[in-house]
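One letter stands for each residue in the lines below.
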Amino acid sequence: MGTKVFPGRFTVEAEDQFTVFMIGMRINKWWAIHKWLPVLLAMPPMIKELYINKDLGCLSLENFFSFRTTLMVQYWRSEEDLLSYARSGKHLKAWGDFNKKVGNNSSVGIYHETYNISARNFETIYGNMPKFGLAKAMNHTPITSFTSTAKQRMSK
């Protein structure tokens, strides 16, 4: 998250479709560090690859951590870009390593969810916040009298 706070209320304007991808892991057995630590350590090189190579299509991402579970929300230019990345680069190697080292071992779990979103099928509001989430990925815009309600933002 950036450090500059934007006072007031903001929203996001998107003209086109985009893809939201949620990915993470859950530590099921703390004592099986040899199983879950490699999964955890595989993510930073992929994040770096996405930050360095914006042409891959990842627009922005956010990370969240809890006691057992990690969650990363990624905003992609398109589903095609996401699927292309999944079949190449550091992700393809990490996926192969996971299947060899962990497979169906229940020490660590992984998950992902993919959502294709089109304009007028989402709504956002950010009050007194740095650019965050979708606002980092797309057009961060002040709320006006035409976008002051959720219903108005959904119809834009």
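First, a word on what this report is: a plain description of the structure on this page.

Rules of the game
Residue positions are given per chain, counted from 1 along the sequence in the order it is written. Per-residue local features are limited, in this predicted model, to residues with pLDDT of at least 70; the limit for side-chain atom pairs, both in listing and counting, is 80 or more; totals at the level of whole chains, interfaces and linings are taken over all residues. Side-chain numbers come from the whole structure's heavy atoms, not from hydrogens or water. At least two bridges found by DSSP between two strands are what make those strands a pair. Secondary structure is summarised from DSSP: a helix means a run of H or I of at least four residues, a strand means a run of E of at least two, and numbering begins at the N terminus for each. Helix axes use the C-alpha atoms of the stretch in contact, all axes being lines fitted to C-alpha atoms, and the angles between their N-to-C directions lie in the range 0 to 180 degrees. Aromatic pairing here means that ring centres of Phe, Tyr or Trp (its six-membered ring) are within 6.5 Å. Orientation follows from the plane angle: under 30 degrees is stacked, over 60 is edge-to-face, and everything else is tilted. For each residue, the accessible area found with a 1.4 Å probe, counting protein chains only, is set against the maximum for its type, and the residue is called buried under 20%, exposed over 50%, and partly exposed in between. Put simply, the grid is 1 Å and covers the protein atoms alone, a cavity is a trapped set of points that fit a 1.4 Å probe, a pocket is an open set with protein on both sides within 12 Å along at least five of seven lines, and lining residues have an atom within 4 Å of a point. Grid points are joined across faces, edges and corners, and a volume is the space filled by probe spheres set on the points. The residue classification treats Ala, Val, Leu, Ile, Met, Phe, Trp, Tyr, Cys and Pro as nonpolar and Asp, Glu, Lys and Arg as charged. All others, Gly included, are polar. Comment on the angle field: the value is read as roughly parallel under 35 degrees, roughly antiparallel over 145, roughly perpendicular from 65 to 115, and oblique elsewhere. By definition, residues are in contact when any of their heavy atoms lie within 4.5 Å.

### With respect to the sheet that holds strand E2 (residues 18-27)
- Here four strands make up an open sheet; going across it, the order is E3-E4-E2-E5 and the pairing antiparallel. The outermost strands of the open sheet, each flanked by one partner alone, are strand E3 (58-65) and strand E5 (108-117). The average undirected angle you get between the axes of adjacent strands in this sheet is 15°.
- In terms of strand pairing, E3 meets strand E4 (residues 69-76) through seven bridges, oriented antiparallel. Paired with phenylalanine 64 across the two strands is leucine 71, which belongs to E4.

### Observations regarding the packing of aromatic side chains
- Scanning the model with the defined rule gives six aromatic pairs in all.
- Seen from their ring centres, phenylalanine 6 and phenylalanine 10 are 5.7 Å apart, and the 70° between their planes marks the pair as edge-to-face.
- Centre to centre, the rings of tryptophan 30 and tryptophan 36 are 5.7 Å apart; their planes meet at 85°, and the pair counts as edge-to-face.
- Looking at tryptophan 30, the relative accessible area reads 34%, which means it is partly exposed.
- Through successive ring pairs, a cluster of aromatic residues spans Trp30, Trp36 and Phe67.

### Some words on the pairing of E4
- Where burial is concerned, most of E4 is hidden: six out of the eight residues are buried.
- Counting the residues between successive antiparallel strands, the hairpin from E3 to E4 contains three residues.

### Overview of the layout of surface pockets
- Of the pockets and cavities examined, the largest pocket occupies roughly 900 Å³.
- Forming the walls of the largest pocket are 38 residues, and the residues nearest its centre are Ile23, Met43, Met46, His91 and Ala94.
- Secondary structure elements with two or more residues in the lining of the largest pocket: E2, helix H1 (33-52), E3, E4, helix H2 (79-86), helix H3 (89-101) and E5.
- Looking at side-chain class alone, the lining of the largest pocket contains 27 nonpolar, seven polar and four charged residues.
- Taken together, 13 residues line the second largest pocket, and the ones lying closest to its centre are Tyr75, Phe122, Glu123, Thr124 and Leu134.
- Partitioned by chemical class, the residues of the lining of the second largest pocket number nine nonpolar, three polar and one charged.

### Digging into the packing of H1 against H3
- At a minimum axis separation of 9 Å, H1 and H3 run at an interaxial angle of 175°. Comparing the axis directions of H1 and H3 gives the class roughly antiparallel. Of the residues in H3, those touching H1 at Lys35, Val39, Ala42, Pro45, Met46 and Glu49 are Gly89, Lys90, His91, Ala94, Phe98 and Lys101.
- In the contact of H1 with H3, the residues fall into six nonpolar, two polar and four charged.

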